[in-house]
Amino acid sequence: MTVLNTAEMEMLAKRHPEIFRRTLWQRFHVPIIVFSFALYLIFSWWFFAVGKVINDANWGIAGSYLADWISYEIRPDIEIDADGAMRISYPRFDPIGPNPNPDWLEATRETATRTIEAPAAPSTQSAAPSSSFSFMAQAPKPGEAAPQAATASQTRTEEIVTHAFVTLGTSRTIDVKPDEVVLTRGAETVRLILDRTSGEVRADGVLPEWAEQRSPGARVVAYFGFSGWAEISAERVRVRKRFLGWENFFFDTNSAFFGKSAGEVAGLVISGERLDPSRSNLSLAWNDILYNPSWQHLDVWTKLLQTVVMAFIGTLFATMLAFPLSFIAARNILRNRPVNQITKRFFDFLRSVDMLIWALFFTRAFGPGPLAGISAIFFTDTGTFGKLYSEALENIDDKQREGVRSVGAPPSAVQRFGVVPQVMPVFMSQALYFWESNIRSATVIGAVGAGGIGLKLWEAMRTNSDWENVAYMVVLILIVVFLFDNISNALRSRLIGKTNH
Amino acid sequence: MPTSVLQPRLSDNGLMVERHWQQLAGQRRLYTVLTAVILLITVSGSLWFANETNAGKFFDRLPHFFDFVGELIPRDGMEIWRAMFDLPSPYYDGSMKYDYVEGRQYITGSFYIPEYFYKMAETLNIALLATLIGLVFGFLLSFLAARNMTTNVWIRGTARRFMEILRAFPEVVLAGFFLAILSLGPLPAVIAVAIHTIGALGKLFFEVIENADMKPEEGLKAVGANWVERAWFGMVPQVMPNFMSYFLLRLEINVRASTIIGAVGGGGIGEQLRLSIGRGHEAKTLAIIILLLLTIIAVDQFSAWLRRRLVGEQAFHMI
């Protein structure tokens, strides 16, 4: 191995100056880029107030929203009156239906004669709206109708609950008695003593980690993981049991088919008695599915079809208009520079005015609905296609045109046989690609009122309680996108042969 | 063998060929007509459906179409500039329509940024930050998804499926979900656009990597370089120009996307546009449209210039 002396090194440096004397940028571009990127991130952190937003964010809600995508809660409230009588009630639109008697909530009932003081503040307020609903099924026995009393204090005989036992999951239970609640999660058990005179809840022992009490005597919130949670105060135990799945997906609680298994429904549809004398069970079932109030299947499907139609018609019409215009814009087809330039600037204008602007504009003009979406996609894509098509036309091989012209063909035949066969595959491929991507765009512009599933999706999200509907629509959108992805790939490979597009 | 096409009478062979050709041509014609009919039915059905489910019917609304265009004309031409630069309007009557001065974003005591310029900067920043996030994560994921860099089928498949899900998930749902958690503001828009961008850029990136020349990588492998060194010194230098080109292309798309996401609650100029169109503030609307148009053209031109410098004309082969 030879060692270079100074003179040789200088000679080498002279011979390859670009290696030894590099600019600052060449030498330090990696640290410069990293540094400016970090600087920009810091700027953005400040500009978007990221720290504050993340601090204020409600991450606890995020978990339950995500859980709502694939599951639902049933929310029985166990109310404990001053004399120790308990009542179980469900919210009005609870997915459990009008006849609640689930097997995971075992209630011991007995008939008792009670004296109820009307102005008792905590119980009257909550008893009035909910009890009529929940007792519909349990108390229609003739002798038990409560005597109508206009006095402040009334005595009546009714069925009350003395003991309720809720099973939330394997070894996750809540045992509710008038004076005490026993919570069990796994190996841990805690006994809470309810003191109704002072309205306080006291734990008998130390509260486990999964139960939380803000201040001594206040209500206790116990978390049972995915199975649900419970809130225990002296007068009321709120239970939230979570079930995996989409509730009442086919039949709503108002439907005659509610709560029946698939076999039973099939049996009814095929050979059962008519539930509604005016029409067959099949049509009744189908109607109940379509107009299911919490899922609105028919409406969702219609909106989804609108989205597909918007993308289809918008792209098709844009192709049809851009096709002739691109011949005018291409400088090798129409040899007139001013006309070329005007057409090209027109394309640029259509393209640069955002799809959003077109969508808002046409929503004002046509009213909300797919017409606005079609027009928005049509206008934007005419610009995009015009630009792409005219560029494709300018890059064609001139020999074919010359060949057709040399045998004396008229100009239209020159275009038809000399130009179109060359560019047609590109045109078709672009149109199909944009059709597919416009289904996605149509979803978004729908949210500003341009028709389609976007608005429905947006409304479902704004309520913050219909995340399962959002999940349903997202699944449908993904299926449609996947389907059209494959259709357009298949069409493309048939039309232009397999390429790497 | 007689081959002249001018010969009036054909041989038996020729007749057979002629018959076969006629048959094929007839079949082809049938297919064309059939396709045209199906297309016609689909199109007219779709149009009928779109018209039927629209709030206003096409032919009822068409005569009033230009009424709305007329509504967009402000009281005088200067109003547009006053709205754009937040200058006081002579028509100011306490209503929101002419309260241009209200929106000024003061930086120092007397120096301010006009509201719409500030909002435009916000939208551009959303797009830039989201695209940069997409670039970083798409870059990392693409090496895991490329066939020539990752031989393990499971890692590769997972990376690809993951990017597909990110890409296909509707942006509006992501924006809505993060709006619910983070409350109103531009950050949900950044997250929504960034997530989509990771998927979109990752796909384009791994295709570039798969088409790259493997010789530098092989050389590095021969001298015992590890996976990271091979990727960084063998692959990155040759794919970087293409990556940057796709990054810029995506930036153009994301400026538009963040405007749209802004309109559905993500803040920025999109929201201002939706509000001003909805309220019928014509001068404000026109000011925003002009600003948006100029910005989009500027971004497009800048990115086209930069891409041409980076990779030459081949950058313009779309997608």
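Residues numbered from 1 in each chain as written. Chains lettered and ligands numbered in written order. Predicted model: local features only at pLDDT ≥ 70, side-chain atom pairs only at ≥ 80, totals over all residues.

Caption draft 1: Representation of the overall build of chain B within the structure. Broken down by element type, chain B carries 12 helices and 2 strands. When the helices and strands of chain B are placed in sequence order, the string is α-α-α-α-β-β-α-α-α-α-α-α-α-α. Against the globule reference of 20 Å for 319 residues, chain B gives a C-alpha radius of gyration of 29 Å, more extended than a compact globule. Counting only C-alpha atoms and orienting by the principal axes, one finds that chain B spans roughly 95 × 70 × 40 Å. Counting only residues that meet the buried cut, chain B has 38% of its 319 residues in that class. Considering only contacts within chain B whose residues lie at least 6 apart along the sequence, 66% involve residues at least 24 apart. (Helix = DSSP H or I, 4+ residues; strand = E, 2+ residues; numbered from the N terminus. Rg over C-alpha atoms; globule rule 2.2 N^0.38 Å. Buried ≥ 20, exposed ≤ 12 C-beta atoms within 10 Å, placed from the backbone. Contact = placed C-beta atoms within 7 Å.)

Caption draft 2: Inspection of the overall build of chain A at higher detail. The secondary structure content of chain A amounts to 16 helices and 13 strands. Taken over the C-alpha atoms alone, chain A extends approximately 110 × 85 × 45 Å along its principal axes.

Caption draft 3: Representation of the domain arrangement of chain A in the model. Taken domain by domain, chain A comprises domain 1 (6-45), domain 2 (72-135 + 153-244), domain 3 (248-285) and domain 4 (297-496). For domain 1 of chain A versus domain 4 of chain A, the separation of C-alpha centres amounts to 45 Å. (Domains from an automatic or database assignment.)

Caption draft 4: Looking closely at the packing of helix H12 (residues 370-394) of chain A against helix H1 (residues 12-53) of chain B. Taken N-terminus to C-terminus, the directions of H12(A) and H1(B) make an angle of 125°; their axes are 7 Å apart at the nearest point. In terms of orientation, H12(A) and H1(B) fall into the oblique class. For the pair H12(A) and H1(B), the contacting residues are Pro370(A), Leu371(A) and Ile374(A) in the first and Ala50(B), Asn51(B) and Thr53(B) in the second. Residue classes in the contact of H12(A) with H1(B) are distributed as 4 nonpolar, 2 polar and no charged. (Axes fitted to C-alpha atoms, helices over the stretch in contact; angles between N-to-C directions. Parallel < 35°, antiparallel > 145°, perpendicular 65-115°, else oblique. Nonpolar A, V, L, I, M, F, W, Y, C, P; charged D, E, K, R; others polar.)

Caption draft 5: Structural context of the interface of chain B and chain A. Contacts between chain B and chain A engage 47 residues on the former and 52 residues on the latter. Looking at which element gives the most residues to the side of chain B that touches chain A, the answer is helix H7 (residues 171-182) of chain B, with 8 residues. The class makeup of the residues in the side of chain B that touches chain A is 32 nonpolar, 11 polar and 4 charged.

Caption draft 6: Highlighting the domain arrangement of chain B. Taken domain by domain, chain B holds domain 1 (14-67) and domain 2 (113-316). Computed over C-alpha atoms, the centres of domain 1 of chain B and domain 2 of chain B are 38 Å apart.

Caption draft 7: Representation of H12(A) within the structure. Residues and elements named next belong to chain A. Across its 25 residues, H12 extends 35 Å between first and last C-alpha, which sits within 8% of the 36 Å expected from 1.5 Å per residue. At Asp381, H12 shows its largest bend, some 25°. Counting buried residues along H12, 20 of its 25 residues qualify, which places the element largely inside the surrounding structure. (Expected span 1.5 Å × (residues − 1). Bend = angle between axes of the 7 residues up to and from the residue.)

Caption draft 8: Representation of the pairing of strand E12 (residues 228-232) of chain A in the model. All names here are of chain A. Summarising burial for E12: 4 of the 5 residues are buried, a large majority. Bridge count between strand E11 (residues 220-223) and E12: 4 bridges; the pairing is antiparallel. By the bridge assignment, Tyr223 is partnered in E12 with Trp229. Between E11 and E12, which follow one another and run antiparallel, lie 4 residues, and Gly225 among them has a positive phi close to 65°. As consecutive antiparallel partners, E12 and strand E13 (residues 236-244) are separated by 3 residues. (Pairing = 2+ DSSP bridges.)

Caption draft 9: Focus on the confidence of the model for chain B. Residues and elements named next belong to chain B. For chain B, the average pLDDT comes to 86, and 95% of its residues sit at 70 or higher. Within the model, pLDDT remains below 50 along residues 315-319, and this stretch shows 6 contacts once partners closer than five positions in the same chain are excluded. Scoring the predicted complex yields pTM 0.80 and, for the interface, ipTM 0.82. (pLDDT = per-residue confidence, 0-100.)

Caption draft 10: Representation of the nonpolar core in the model. If you look at the biggest cluster of nonpolar residues, it comprises 135 residues, and the most contacted ones within it are Ala359(A), Ala376(A), Ile445(A), Leu457(A), Val190(B) and Val193(B). Beyond its immediate sequence surroundings of up to four residues, Leu457(A) is in contact with Ala447(A), Val470(A), Met473(A), Val172(B) and Val173(B). Ranked by size, the runner-up nonpolar core spans 28 residues in total, among them Ile80(A), Val161(A), Leu192(A) and Ala211(A). (Core = buried A, V, L, I, M, F, W, Y, C linked by C-beta atoms within 7 Å.)

Caption draft 11: Focus on unusual backbone geometry. At Gln296(A), a position not held by glycine, the phi torsion is positive, near 50°. Among the structural elements, Gln296(A) can be located in the loop between helix H8 (281-290) and helix H9 (297-329). Here Gln296(A) falls in the partly exposed class, since 17 other C-beta atoms lie within 10 Å of it. A positive phi angle is found at Asp86(B), which is not glycine, with a value near 55°.

Caption draft 12: Representation of H9(A) within the structure. Taking 1.5 Å per residue as the helical rise, H9(A) with its 33 residues ought to reach 48 Å, and the 46 Å between its terminal C-alpha atoms agrees with that figure. Along its length, H9(A) reaches its greatest deviation from straightness, about 30°, at Phe323(A), and the proline Pro324(A) lies no more than four positions downstream.

Caption draft 13: Here's a closer look at the pairing of strand E3 (residues 86-89) of chain A. All names here are of chain A. The alternating pattern of E3 places Met86 and Ile88 and Arg87 and Ser89 on opposite faces, both of which are buried. Note: strand E2 (residues 77-80) against E3, 4 bridges, orientation antiparallel. In the sheet register, Asp77 faces E3, and the bridge partner there is Ser89. Counted between consecutive antiparallel strands, the loop separating E2 from E3 contains 5 residues, among which Gly84 sits at a positive phi close to 95°.

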